[in-house]
Amino acid sequence: MPVLFGLLSGLVGLALGGGGAAAVRALSGRPAFDGATELILVFSYIGALIGWVLGIGGWRYAVRDWIGRAPRPFNKTGTARYFAFSTDHKVIGIQYIVTFIGLMILGGLLAMLMRFELSQVDETIMGSDIYNRVMSLHGIIMVAVAVATVLGGLGNFAVPLMIGAKDMAFPRLNALSFWLNPPVAIALLSSWFFGGWDTGWTAYAPLSETNASGQVLFILAVFTFGVSSILGGLNFIATITTMRSPGMTWGRLPIFVWSIFAASIISLLFTQFFAASLVMILLDRVAGMGFFNPDQGGDPLLYQHVFWFYSHPAVYVMILPGFGITLEILSHFSRKPVFAYRWAVASMLSIVFMGAIVWAHHMFTTGMADYLHGPFMGLTELVSIPTGIIFLAALGTIWQGKLWMKTPMLFALAFIFNFLFGGITGIYNADVTTDIHLQDSYWVVAHFHYTIVGGEIFALMAGIYYWFPKMTGRMYDELLANLHFWGMFIGFNVTFGAMFWLGVNGMNRRVADYEPHLEGNNLFVSAAGFYLGMSFLIFLYNMWISSRHGPQVVDNPWRARTLEWTVSSPPSEHNFPVPPLVVGHPHDYGIPGEKHAVFAATGGAPMPSEQEIHSEGDRS
Amino acid sequence: MPSRQPADKKTDDEADNTTDNVEKQTLPQDKEKTSPSVKRPVLENVKRDTVIIATIWAVSTLVLEVLFTFVDPFPIKAAHQAEVSDNSFRILTHMGLPVITFTLTVLGYSIARYRCPTFPLEDGPPLRQNTQVSTIWLGITSVLCFVSVIYPGLTELAEFRGDPVSDLRVDVTGLQFSWIVHYPDTDKTSTDLVLPKGRQVELFTTSNDVVHSLWIPAFRTKIDAVPGRTNSMKITPIETGSYKEDPLFRVQCAELCGLNHTLMKIPVRVLEPDEFDKWLIDN
């Protein structure tokens, strides 16, 4: 088993790393272990990570190549592929989806624990310490799920197929991106044995410099996750730029591919800032450097600036692919072109750049200079303009369409509903006078769950149901899927809708207890939250049973136009037996005879020249 | 957009189709057949749908706007800042309601009118874009955005900040996990935050350990207490009250600060000015 081998190799690395650090300390005349827990933790982790990467496939796939020996790929087939280093983007996509859906369920269970505690005033099942740790773990797990599931999962599975490529541009790097994630999960979960960490996923200094050692594992895990994100973003940009099939001009990219491209730019350019801020905390803790310690001339606000410089754009890494999936599915299930396709693309790209200049709206109450409030309010509210264009595209696409109400369509329509409220309530957070009250209250909790869960996770569900037949070759159960949709849609809106009221009425976030007058509403939220949680059981059951016993599907059960539906379900290893020649727009429904792609018969007509392909143009 | 004549629309659509035809030069067998059949479905029912949607939108917007004018969804406003903040909230909601009703009307109407229980054998009309609609949309959203930045955004922010000179200074220090209140005028230290009604107070905050945030929900004000720096905010209480009467009269730590973050709160009392003066002198 490659995974077992990777784990063993990781353990060896751990012993070498940690032992090495202790030995160097001992040799330099210091106590080997006393007072150096965190230092040894860091080196153990680095050793373990290197060992794991080498063991899981780095040695066989890459290092052998570098030292002049032939690489020895695993070449597994069947289910075993998913438990080994695989360079097939479809395998990696499914590995991402399954892993992160598993983590999402774990994060959801943690949320259930929190809602159980909050269902009544006073301590119900856990004290403040455990609550803070559970809340922090829930936060970072869900952030990771939101960043990686759509981009890494659906993006990996669908993008090469949709652009007519054989695979991603850097298949081994792609596999590495995925296999960096298990150490992240292990480090986050094992931090519990080092006291966990209680700073939420934001890890604000100086609290994150004085708390339990679990914080160190948090930093290392998030850093590793960041590396994976950067490599993933790089890979998508390279793939979309260079691997498009002949005739797939930029103007003919399916809208989902554009959204992945936009999100990847953010991943590639901004993740470093989060990593840098965390490394500074690590250096403060382990090496006493004092970046954020005022006694040593450091500044706690500096952390927040650097942190939000990534973490605000990060929400666009989450939501842009959500826009893409939604518009993609609205087009295919309304049987209409994406309305104002170019405007939508321009909006997504402008969101990328506007994301970079709005970070300080998270900091209106921190005491940063007053004259910065106005500019950051204005810039933040500007984001509503490109977001409005996405709504125009969505509504224009369903306008006069033939709406086929299958489950993916239900989720895509629900995206419009939820994200409308998520977006509108965001204005209150951008406006300084209302934000000063609402900041760090349950209003904010409700707002970002509306955008990320109501937006991105609903889009993720739409995408999973949409591509399920392509991934498995089988159809999901429509009745169960409908039940899941209605459970999730109602449960979600009731749970988080009620939280807006809690925030306005003085309930701050990240608390294990609250004022007694809020008890009724909290009990209500908890009950709705459990209902929301249960809807996921239907989803899991449906996925499990349908992937094994669902009815077999044809290549194109949705009769959609994009390229992934032209190949077999599931696709063969190299996707396209005959390379496609793209001759039209992927979303052009309703124009008889209009084709997206043609396939030359094997040994048939020669491929047209580059010039012939482009001369057709694509002026929409 | 709704008042345009169908004849005008036709030219728009023709314009769109001609660009499509340019592309189809390479697929000659379709050229003659498609051009006429493409045009028709675009125009079907557009007028009817537009009128119905506009009506539902206008009526629902009007009803909700009027309702919201008479409903007061906010808890007690015990400071001038609370009035300003709630006023911004109210204006933003008035501006947001038409957007919400418009989106939901188009969404709901489209689902109700155009849903197909089985796979639709016909495609929808090939509406790829309508520059006029997009431009109008961009114009409206931009105007809404810029207006909201100026009012309530910037104007209310100026109002929220208060006068440059305050009547009273109060220093509040956060530490894990409590607040210490100090009145430099009489060098009085307290474990409650006591303020006079009708006077502008400037609160100065700092922290002894980690970042805290001083939130008084009844005043809608919040300022972080950051180690190594002193932040300030101004409050003008306009209602007397105390934590016992309303739990919103409290200083609540709003920034996660560790183990007992939840419990890091102290009561707030607003007194009549003369009572306050007595309290301040009384050590």
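Because the structure is a prediction, the values reported are computed rather than measured.

Calculation criteria
- Residues numbered from 1 in each chain as written.
- Chains lettered and ligands numbered in written order.
- Predicted model: local features only at pLDDT ≥ 70, side-chain atom pairs only at ≥ 80, totals over all residues.
- Heavy atoms only, no water.
- Helix = DSSP H or I, 4+ residues; strand = E, 2+ residues; numbered from the N terminus.
- Buried < 20%, exposed > 50% of the residue type's maximum accessible area, 1.4 Å probe, protein only.
- Contact = heavy atoms within 4.5 Å.
- Buried area = accessible area lost by both parts, 1.4 Å probe.
- Salt bridge = Lys/Arg side-chain N within 4 Å of Asp/Glu carboxyl O.
- Polar contact = N/O pair within 3.5 Å; in protein donor to acceptor, adjacent residues only side chain to side chain.
- Nonpolar A, V, L, I, M, F, W, Y, C, P; charged D, E, K, R; others polar.
- Pairing = 2+ DSSP bridges.
- pLDDT = per-residue confidence, 0-100.
- Expected span 1.5 Å × (residues − 1).
- Bend = angle between axes of the 7 residues up to and from the residue.
- Phe/Tyr/Trp six-rings, centres within 6.5 Å; stacked < 30°, edge-to-face > 60°.
- Lys NZ or Arg CZ within 6 Å of the ring centre and 35° of its normal.
- Domains from an automatic or database assignment.
- Axes fitted to C-alpha atoms, helices over the stretch in contact; angles between N-to-C directions.
- Left-handed = near helix turned anticlockwise from the far one by under 90°.

Check the secondary structure of chain B and you find six helices and 12 strands. Within chain B, the proportion of its 283 residues that are buried is 48%. For chain B, restricting intrachain contacts to residue pairs at least 6 apart in sequence, the fraction spanning at least 24 positions comes to 71%.

Frequently, the measure chosen for interface size is the accessible area removed from exposure when the parts meet. Contact with chain B, which involves 105 residues of that partner, is made by 99 residues of chain A. Regarding the contact of chain B and chain A, the summed buried area is about 8400 Å², with carbon and sulfur atoms giving 65% of it. Three residues, Phe119, Arg128 and Leu256 of chain B, lead the burial of chain B against chain A; their summed loss comes to 9% of the area buried on that side. Our count for the contact surface shared by chain B and chain A stands at six salt bridges. Among the salt bridges present, the one from Arg161 of chain B reaches Asp370 of chain A, with a minimum N-O distance of 3.7 Å. For the pair chain B and chain A, the number of links is 32 residue pairs in polar contact (both at pLDDT 80 or more). Elements represented by at least two residues in the side of chain B that touches chain A include exactly helix H1 (6–24), helix H2 (28–43), helix H3 (46–70), helix H4 (80–114), strand E1 (115–116), helix H5 (131–161), strand E8 (221–225) and strand E11 (250–253) of chain B. Its residues assigned to classes, the side of chain B that touches chain A comprises 53 nonpolar, 32 polar and 20 charged. Here strand E1 (residues 403–404) of chain A pairs with E1 of chain B via two bridges, running parallel. Bridging from a neighbouring strand, Leu403 of chain A pairs with Arg115 of chain B of E1 of chain B.

Chain-level statistics for chain B give a pLDDT mean of 87 and a share of 85% at 70 or above. Throughout residues 1–41 of chain B the model reports pLDDT below 50, and contacts reaching past four residues in sequence, or to other chains, amount to 44 contacts.

Residue and element names in this part refer to chain B. Both faces of E11 are covered, namely the face carrying Arg250 and Gln252 and the face carrying Val251 and Cys253. Relative to E11, strand E7 (residues 212–216) is paired through two bridges, and the arrangement is antiparallel. Residue pairing in the sheet places Leu214 in a bridge with Cys253 of E11.

With that settled, the discussion passes to helix H10 (residues 300–334) of chain A. Residue and element names in this part refer to chain A. Compared with the 51 Å implied by 1.5 Å per residue over 35 residues, the 51 Å span of H10 between its first and last C-alpha is a close match. Along H10, the largest kink reaches about 35° and is centred on Trp308. For H10, the buried fraction is high: 32 of the 35 residues fall into the buried class. The distance from a side-chain oxygen at the start of H10 to the backbone nitrogen of Leu301 is 2.9 Å, and the residue carrying that oxygen is Asp299. One or two steps after H10, the chain reaches Arg335, where phi turns positive at roughly 55°.

Residue and element names in this part refer to chain A. On inspection of all chains with the given rule, the structure shows 70 aromatic pairs over all chains. Considering the side-chain rings of Trp197 and Phe218, the 4.9 Å spacing of their centres and the 40° angle between planes classify their relative orientation as tilted. Here the residue Trp197 occupies a position in the loop between helix H6 (181–190) and helix H7 (207–210), and Phe218 occupies one in helix H8 (residues 214–242), the gap between them amounting to 21 residues. Assigned by exposure class, Trp197 and Phe218 land together as buried. One cation-aromatic arrangement involves Arg244 over Trp250; the distance from NZ or CZ to the ring centre is 4.2 Å.

Let us now look at the domain arrangement of chain B. All names here are of chain B. When its domains are assigned, chain B resolves into domain 1 (6–161) and domain 2 (168–281). With 14 residues of domain 1 at the contact, the number on the domain 2 side is 13 residues. Summed over both sides, the interface of domain 1 with domain 2 buries roughly 1100 Å², with 58% coming from carbon and sulfur. When residues of domain 1 are sorted by the area they lose upon contact with domain 2, Ile76, Ala78 and Gln81 head the list and together hold 47% of the total. In this assembly, domain 1 and domain 2 are joined by one salt bridge. Our enumeration of links across domain 1 and domain 2 arrives at 10 residue pairs in polar contact (both at pLDDT 80 or more). Per-element tally for the side of domain 1 that touches domain 2: the top contributor is H4, with six residues. Here the side of domain 1 that touches domain 2 is built from residues that sort into seven nonpolar, three polar and four charged.

This brings us to the packing of helix H13 (residues 384–398) of chain A against H5 of chain B. Running from amino to carboxyl end, H13 of chain A crosses H5 of chain B at an angle of 145°, the nearest separation of the two axes being 9 Å. Crossing angle aside, the handedness with which H13 of chain A passes H5 of chain B is right-handed. Residues Ser384, Ile385, Gly388, Ile389, Phe391, Leu392 and Leu395 of chain A of H13 of chain A touch H5 of chain B, and the partners they reach there are Val133, Ser134, Trp137, Leu138, Thr141, Ser142 and Cys145 of chain B. Here the contact of H13 of chain A with H5 of chain B is built from residues that sort into nine nonpolar, five polar and no charged.

So, about the sheet that holds strand E9 (residues 231–235) of chain B. All names here are of chain B. Across the sheet, five strands lie side by side as E4-E3-E2-E6-E9; this open sheet has mixed pairing. On the outer flanks of this sheet lie strand E4 (188–190) and E9, each paired with one strand and no other. Sheet twist, expressed as the average angle between the axes of neighbouring strands with direction ignored, equals 25°. Relative to strand E3 (residues 178–183), strand E2 (residues 168–175) runs antiparallel, the two being bridged by five bridges. Paired with Val172 across the two strands is Val181, which belongs to E3.

Before going further, it helps to spend a moment on the environment of Val165 of chain B. Of note, Val165 of chain B is situated in the loop between H5 and E2. As a C-alpha pair, Val165 of chain B and Val66 of chain B span 99 residues in sequence and 39 Å in three-dimensional space.

A separate point is the domain arrangement of chain A. Residues and elements named next belong to chain A. Domains assigned within chain A are domain 1 (2–66) and domain 2 (86–549). Centre-to-centre, using C-alpha coordinates, domain 1 lies 32 Å away from domain 2. Listed per partner, the contact involves 14 residues of domain 1 and 19 residues of domain 2. Of the roughly 1500 Å² buried at the junction of domain 1 and domain 2 (both faces included), carbon and sulfur atoms supply 76%. It is Glu38, Leu41 and Tyr45 in domain 1 that bury the most area against domain 2; as a group they hold 42% of the surface buried on that side. For the pair domain 1 and domain 2, the interface holds two salt bridges. Arg285 serves as the salt-bridge partner of Glu38, at 2.7 Å between the closest nitrogen and oxygen. Between the two partners, domain 1 and domain 2, sit six residue pairs in polar contact (both at pLDDT 80 or more). Those elements giving two or more residues to the side of domain 1 that touches domain 2 turn out to be helix H1 (2–27) and helix H2 (37–66).

In total, this model carries 20 salt bridges over all chains according to the counting rule given. Residue Lys265 of chain B is joined to Glu515 of chain A by a salt bridge in which the shortest nitrogen-to-oxygen separation is 2.8 Å. Of this pair, Lys265 of chain B sits in strand E12 (residues 265–271) while Glu515 of chain A sits in the loop between helix H17 (478–504) and helix H18 (519–549), which puts the two residues in different chains. Relative accessible area serves as the criterion here: at 3%, Glu515 of chain A is assigned to the buried category. Across the salt bridge formed by Arg169 of chain B and Asp171 of chain B, the nearest N and O atoms sit 2.9 Å from each other. According to the relative accessible area criterion, Arg169 of chain B is partly exposed, its value standing at 36%. What emerges from the salt-bridge pattern is a single network uniting Asp72, Lys77, Asp86, Arg90 and Arg220 of chain B.

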